[in-house]
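What follows is each chain in one-letter form.
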Amino acid sequence: MSQSLTLQHPTGKLTGTIKLPASKSEANRALIIAALSGQESQLHNLSEANDTQLLQRLLQSNDQTIDAEDAGTVMRFLTAYYAVTGQQKLLTGTERMCQRPIKVLVEALRELGASIDYVGEEGYPPLKIGGFKGSGQKHLKVRSDISSQYISALLMIAPLLPEGLELVLEGKIGSRPYIEMTLSLMQHFGVSADFSGNTITVKPQKYKAAEFTVESDWSAASYWYSLVALAQEADITLLGLKEKSFQGDRAIADIMYRLGVYTEFTSEGVRLLKKEHERHISLDFSDCPDLAQTVVALSAGIGIAVDMTGLESLRIKETDRIQALQIEVLSLNASLQEVTPGVFSLKPGILQKKELSFRTYQDHRMAMAFAPLALLQPIEIQEPSVVRKSYPRFWEDLQKVGFEVTYN
Ligand SMILES: O=C(O)C1=C[C@@H](OP(=O)(O)O)[C@@H](O)[C@H](O)C1
Ligand SMILES: C=C(OP(=O)(O)O)C(=O)O
């Protein structure tokens, strides 16, 4: 496995058509729902992303020990899935996964009648999941300010519970579009729910088999927006994206309008063209946390000041993404600071020609967010294989639009 790669572009001019990977968020919901339905559903365009390939394999596995690796959705969705289907499993993951909290979900599932024990530290994987004795409980209060994945996990099993589920979300609702995506996918497979105020109600129901085609991944698209913003000239088409999407990261089209990219929706996807960008913007990432790294790396490189809120969940993702960003923007002479609690300010500096090498912290998004800076000067990306989590062909796709990629 290559320790690093060097990336450069001889002309800075980008034209081409890219088939993006499919959304791992949509795919992983469809896989869990299809498994819960107990019927044969036809799922098309499942992502080649490791997170999806892994879930597909694990759902077929009879092993007692299940390794969710570094995939948050796999860990959280399988916890609820194994609990409600009464399967005895030891569910674990990477060292980092065992530092990502899961207490809110475990406590909720216990209240519903699941038997789950912590093998190591209380509140974190690995988990020993045992039988399920429905408690008859249908009313649950769940914190919604840590990870929406707990809520999505509970919602997908809700129609199978004897009394259904009334979920009251407590606190700020972070990553809300992912909860809405879950409800939309459930609806697609025949299950209705009501989301009013901060309460989501799901009555006992049966999932129905259905065909589903996964849309291209808007989070993956964000790196192409960044590439277009940084290019000298660009005309890039991204296939398989829809104007009306289940994915909240579709917000990248609006964000990038301000950062220098015009989006034209076509029958096959989107066409990205360059435009003027603003110099100073304010953004709230509560609904789209996975876009923060793209925006920070681009803005630091191109010289845009950004005031940011809604970054709370970044500390408990594949790495502490705030800390990783704070370190990596320094080499761009930029600074990222928390100016008042919860409010971050990115101040770009003057980019000086020097050797740039970015660490990726076992986080696919660190690699892909910083890669577009290779349009400004040659750069090195460390541990480039991290992209396999969501976009395994990322480096090959860059080569298609003229990047020179050298594995060191
Ligand atoms: O449900 C999902 O598919 C996801 C929800 C988000 O996580 P949080 O809810 O933990 O913010 C997001 O960051 C992650 O990449 C995918
Ligand atoms: C946070 C992410 O994934 P997960 O939480 O599913 O591991 C991500 O892909 O950026």
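Residues numbered from 1 in each chain as written. Chains lettered and ligands numbered in written order. Predicted model: local features only at pLDDT ≥ 70, side-chain atom pairs only at ≥ 80, totals over all residues.

In the annotation of an unreviewed UniProt entry, the chain is listed under the name 3-phosphoshikimate 1-carboxyvinyltransferase and assigned to Pontibacter chinhatensis. UniProt's Pathway (unreviewed entry) comment on the chain is quoted here verbatim: "Metabolic intermediate biosynthesis; chorismate biosynthesis; chorismate from D-erythrose 4-phosphate and phosphoenolpyruvate: step 6/7." The Catalytic activity (unreviewed entry) comment attached to the chain in UniProt states, word for word, "3-phosphoshikimate + phosphoenolpyruvate = 5-O-(1-carboxyvinyl)-3-phosphoshikimate + phosphate". (UniProt positions renumbered as here; feature names shortened; annotations may be inferred.)

This paragraph deals with the site of ligand 1. Not every one of the 13 residues close to ligand 1 is listed here, only the nearest: S25, S147, S148, S175 and Y178. Among the secondary structure elements, those contributing two or more residues to the shell around ligand 1 are α3 (72–84) and α5 (148–157). The element that contributes the greatest number of residues to the shell around ligand 1 is α5, accounting for 3 residues. For the shell around ligand 1, the per-class residue count stands at 2 nonpolar, 10 polar and 1 charged. Each of two domains, domain 1 (4–21 + 216–407) and domain 2 (24–213), supplies a minimum of three residues to the shell around ligand 1. (Near = placed C-beta within 6 Å. Helix = DSSP H or I, 4+ residues; strand = E, 2+ residues; numbered from the N terminus. Nonpolar A, V, L, I, M, F, W, Y, C, P; charged D, E, K, R; others polar. Domains from an automatic or database assignment.)

Contacts to ligand 2 come from A71, G72, T73, D290, K317, E318, R365 and S390. Here the shell around ligand 2 spans two domains, and each of domain 1 (4–21 + 216–407) and domain 2 (24–213) adds at least three residues to it.

To continue, consider the packing of α5 against helix α6 (residues 176–188). Where α5 contacts α6, the two axes come as close as 9 Å, and the packing angle between them is 15°. Comparing the axis directions of α5 and α6 gives the class roughly parallel. The way α5 lies across α6 gives a crossing that is right-handed. Contacts between α5 and α6 involve S148, I151, S152, L155 and M156 on the former and, on the latter, R176, Y178, I179, T182, L183 and M186. Split into classes, the residues belonging to the contact of α5 with α6 amount to 7 nonpolar, 3 polar and 1 charged. (Axes fitted to C-alpha atoms, helices over the stretch in contact; angles between N-to-C directions. Parallel < 35°, antiparallel > 145°, perpendicular 65-115°, else oblique. Left-handed = near helix turned anticlockwise from the far one by under 90°. Contact = placed C-beta atoms within 7 Å.)

Moving on, we get to the UniProt feature "binding site: phosphoenolpyruvate" (unreviewed entry) in the chain. Using the residue numbers shown here, the UniProt feature "binding site: phosphoenolpyruvate" (unreviewed entry) corresponds to K24, G72, R100, Q149, R321, R365 and K389. Assignment of secondary structure puts R321 in helix α10 (residues 321–330). Look at R321 and you get buried, because 24 C-beta atoms sit within 10 Å. Each residue touching R321, except ones within four places of it in the same chain, is listed here: Q293, L314 and D363. (Buried ≥ 20, exposed ≤ 12 C-beta atoms within 10 Å, placed from the backbone.)

The strand order across the open sheet built from 4 strands is β20-β21-β1-β22, with neighbouring strands paired in mixed fashion. Either end of the sheet is taken by a strand with one partner, and the two such strands are β20 (356–358) and β22 (404–407). Each strand axis lies, on average, 25° off the axis of its neighbour in the sheet, ignoring direction. (Pairing = 2+ DSSP bridges.)

What follows is about the sheet that holds strand β19 (residues 343–347). The sheet built from 4 strands is open, its strands ordered β16-β17-β19-β18 with mixed pairing. The two strands at the open ends of the sheet, each matched to only one other strand, are β16 (280–284) and β18 (335–340). Sheet twist, expressed as the mean angle between neighbouring strand axes with direction ignored, is 20°.

Domain assignment breaks the chain into domain 1 (4–21 + 216–407) and domain 2 (24–213). Computed from C-alpha atoms alone, the centre-to-centre distance between domain 1 and domain 2 is 29 Å. Split into classes, the residues belonging to the side of domain 1 that touches domain 2 amount to 6 nonpolar, 7 polar and 6 charged.

Core analysis: the biggest nonpolar cluster contains 75 residues, and W224 and V228 have the highest contact counts within it. No other element matches helix α7 (residues 218–230), which puts 10 residues into this core. Apart from residues lying up to four places away in sequence, V228 is in contact with L14, A234, I236, V261, L272 and K274. A83, A108, L169 and Y207 belong to the second largest nonpolar core, which has 68 residues in total. (Core = buried A, V, L, I, M, F, W, Y, C linked by C-beta atoms within 7 Å.)

Put simply, P125 and P126 share a cis peptide bond, and its omega is 0°. Here P126 shows up in the loop between β6 (114–118) and β7 (127–132). Despite not being glycine, Q362 has its phi angle at roughly 55°, a positive value. Structurally, the position occupied by Q362 is in the loop between β20 and α11 (364–370).

With that out of the way, let us pick up α6. Residue pairs three or four apart in sequence face the same way in an α-helix, which turns once every 3.6 residues. The end-to-end C-alpha separation of α6 is 19 Å, in line with the 18 Å expected for 13 residues at 1.5 Å each. What α6 keeps buried is the set P177, Y178, I179, M181, T182, L183, L185 and M186. Close packing links the buried residues of α6 with α1 (24–37), α5 and β10 (194–196). Looking one or two residues past α6, G190 carries a phi angle of roughly 85°, positive in sign. (Expected span 1.5 Å × (residues − 1).)

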